[in-house]
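Architecture and fold: a report
Spelled out from the first residue to the last, the chains are:
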Amino acid sequence: MYTAQDPTTQYPRPPFPPQQQSGPGDIHQMDPAPDHGETTYIGLGRLPGRKALITGADSGIGRAIAIAYAREGADVALSYLPEEQAQAEEVAALVEKEGRTAVLLPGDLQVEQTNIDVVEKAVAGLGGIDILVINAGTMPTVDSIDDFETKTLDHVVKANIYPLFWLTKAASPHLQPGAAIITTSSIQGFQPSPSLAEYAVSKAGIANWTRALSQQLIERGIRVNGVAPGPVWTPLQPAFVPNEKIEQFGAQTPIGRAAQPVELAPAFVFLASQEASYVIGETIAVTGGSPMH
Ligand code: NAD
Ligand code: MG
């Protein structure tokens, strides 16, 4: 990933084989296997001695962030759903292989108390916290307003929006000047697909929250930013998107393919690092060329 080359052919292009999973999904059931940087991400010491809590860290983008942060010199606390324990343990082993500390934090973040517990255990296990990556998310698809159900929206908002407030409130007393909070929005928050209204409105909310909280917290020297990915090859896709869309997944982007999770990690590294000292309240598009604004 450090050799100059044609990005259009650097990673697999559609068509992808048809495949479906039930949520939250397993990276080992995906074909082709996603690249989270396990054998590719090197790291240049951008996060020396930092202490990061990452949600959704077992798979997909969060897994790639955890691997990258450890290789950039950070200790990492990993939040994930209890049924993802095996995947989370793999990430912990990769983090520990770098000589860094990994803290495993299973739990459902739709429950307020879980958010408080996750932060307290991260602080105890890492000896503090100075990077908070709020990345966990769910993405039900609903094709028609006639199929709208209150419980679907409750679930999306509880999983994708409430933890922004709960985790940040719990972390706030521990955050010192130089700390960074990073959210995962989506191109869906700016250019919504018709069958993702519940998800898209939550992702727009994440970008909006990022702007609001960045203005609150910069007074304390804490930066808040976000990343808006385009299509990324993660378990979220076979878990929530029907096969006809999986086969052509990513084809609609100017680059002509989906991202691999490892391609998202550098944006999260940059936003966490002191190199981004003047970047505040921004949501960076990593969309393969699809215009976001
Ligand atoms: P993923 O399934 O690998 O990661 C999502 C993670 O969220 C899961 O692993 C799970 O640990 C966590 N999670 C979900 N519900 C939870 C809950 N109630 N409590 C605790 N944890 C919970 O998929 P991903 O694509 O890496 O998703 C990461 C983020 O990226 C999500 O916010 C998603 O919306 C966003 N995103 C993904 C894409 C894409 O195409 N894959 C595009 C744009 C944005
Ligand atoms: Mg997962």
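Everything quoted here is computed from the prediction, not taken from an experiment. All chains use their own residue numbering, which begins from 1 and follows the written sequence. Chain labels run from A onward and ligand labels from 1 onward, assigned in the order the entries are written. The predicted nature of this model means local features are confined to residues of pLDDT at least 70 and side-chain atom pairs, given and counted, to a pLDDT of 80 or more, with totals for whole chains, interfaces and linings taken over all residues. Based on all heavy atoms of the structure, the side-chain values leave hydrogens and waters out of the count.

Right, let's talk about the pattern of salt bridges for a bit. Any Lys or Arg side-chain nitrogen located within 4 Å of an Asp or Glu carboxyl oxygen qualifies as a salt bridge. Counting across every chain of the model gives nine salt bridges. The partner of Glu72 in a salt bridge is Arg46, with the nearest N and O atoms 3.5 Å apart. Pair noted here: Glu72 is in the loop between α1 (60–71) and β2 (75–80) and Arg46 is in the segment before β1 (51–55), with a separation of 26 residues, a long-range link. Only protein chains enter the calculation, and the probe is 1.4 Å; a residue is then buried if its accessible area is under 20% of its type maximum, exposed if over 50%, and partly exposed in between. Residue classification places Glu72 among the buried positions, given a relative accessible area of 1%. The closest approach of N and O atoms between Glu263 and Arg257, which form a salt bridge, is 2.9 Å. By definition, any uninterrupted DSSP run of H or I lasting at least four residues is a helix, any uninterrupted run of E lasting at least two residues is a strand, and each is numbered from the N terminus.

With that settled, the discussion passes to the site of ligand 1. Whether a residue is near a molecule or strand depends on its heavy atoms: if one lies within 4 Å, it is near. By nearness alone, 30 residues border ligand 1, and Ser59, Glu84, Tyr199, Thr234 and Gln237 come closest of all. The contact in question runs from an oxygen atom of ligand 1 to an N or O atom on the side chain of Asp58, over 2.7 Å. Two N or O atoms count as a polar contact when they lie within 3.5 Å, although within protein this holds only if one can serve as hydrogen donor and the other as acceptor, and sequence-adjacent residues are included solely when both atoms are side-chain atoms. Within the contact set of ligand 1, an oxygen atom lies 2.4 Å away from a side-chain nitrogen or oxygen of Glu84. Residue burial considers only the protein chains on display, and all accessible areas are found by Shrake-Rupley using a 1.4 Å probe. Across the complex, the protein chains shield 96% of the 800 Å² of accessible surface that ligand 1 would expose by itself. Put simply, the parts of the chain that give the shell around ligand 1 at least two residues each are α1, α6 (197–217) and α7 (236–240). Gly falls in the polar group here, along with every residue not listed as nonpolar (Ala, Val, Leu, Ile, Met, Phe, Trp, Tyr, Cys, Pro) or charged (Asp, Glu, Lys, Arg). Partitioned by chemical class, the residues of the shell around ligand 1 number 13 nonpolar, 13 polar and four charged.

So, about α1. For α1, spanning 12 residues, the distance from its first C-alpha to its last is 17 Å, which sits close to the expected 16 Å at 1.5 Å a residue. Counted residue by residue, α1 has 12 buried out of 12 residues, so it is predominantly covered. Residues of α1 that are buried include every one of Gly60, Ile61, Gly62, Arg63, Ala64, Ile65, Ala66, Ile67, Ala68, Tyr69, Ala70 and Arg71, and no others. At the C-terminal side of α1, Gly73 shows a positive phi close to 105°. A helix is expected to span 1.5 Å multiplied by its residue count minus one.

Taken together, Asp58 (OD), Ser59 (OG) and Glu84 (OE) make up the protein donors of the magnesium ion (ligand 2), found 2.1 to 2.2 Å from the metal. If you list the donors of the magnesium ion (ligand 2) from N- to C-terminus, the spacing comes out as D-S-x24-E. Here Asp58 is found in the loop between β1 and α1, whereas its partner Glu84 is found in the loop between β2 and α2 (85–97), with 26 residues between them in sequence. The same class applies to Asp58 as to Glu84, namely buried. Counted as donors are N, O and S atoms no farther than 2.8 Å from the metal, or 3.2 Å for Na, K and Ca; water is not among the atoms, and sites may therefore look incomplete.

To continue, consider the nonpolar core. Counting residues in each nonpolar core, the largest one holds 36 residues, and the members touching the most others are Ile54, Tyr69, Val76, Leu78, Val133, Ile182 and Phe268. Of all the secondary structure elements, the ones that give two or more residues to this core are β1, α1, β2, α2, β4 (131–134) and α9 (265–272). Ranked by the residues each element gives to this core, the list is headed by α1, at seven residues. Residues are treated as being in contact if the distance between any of their heavy atoms lies within 4.5 Å. Those residues in contact with Ile54, other than ones at most four positions away along the chain, are Gly62, Ile65, Ala66, Tyr69, Val76, Ala77, Leu78, Ser79 and Val133. Remark: nonpolar core denotes a set of buried residues (Ala, Val, Leu, Ile, Met, Phe, Trp, Tyr, Cys) joined through side-chain atoms within 4.5 Å.

We now examine the side chain of Arg71. In this structure, Arg71 sits in helix α1. According to the relative accessible area criterion, Arg71 is buried, its value standing at 15%. The contact partners of Arg71, leaving out residues within four places of it in the chain, are Gly37, Glu38, Thr40, Tyr41, Ile42, Gly43, Leu44, Gly45, Leu94 and Glu98.

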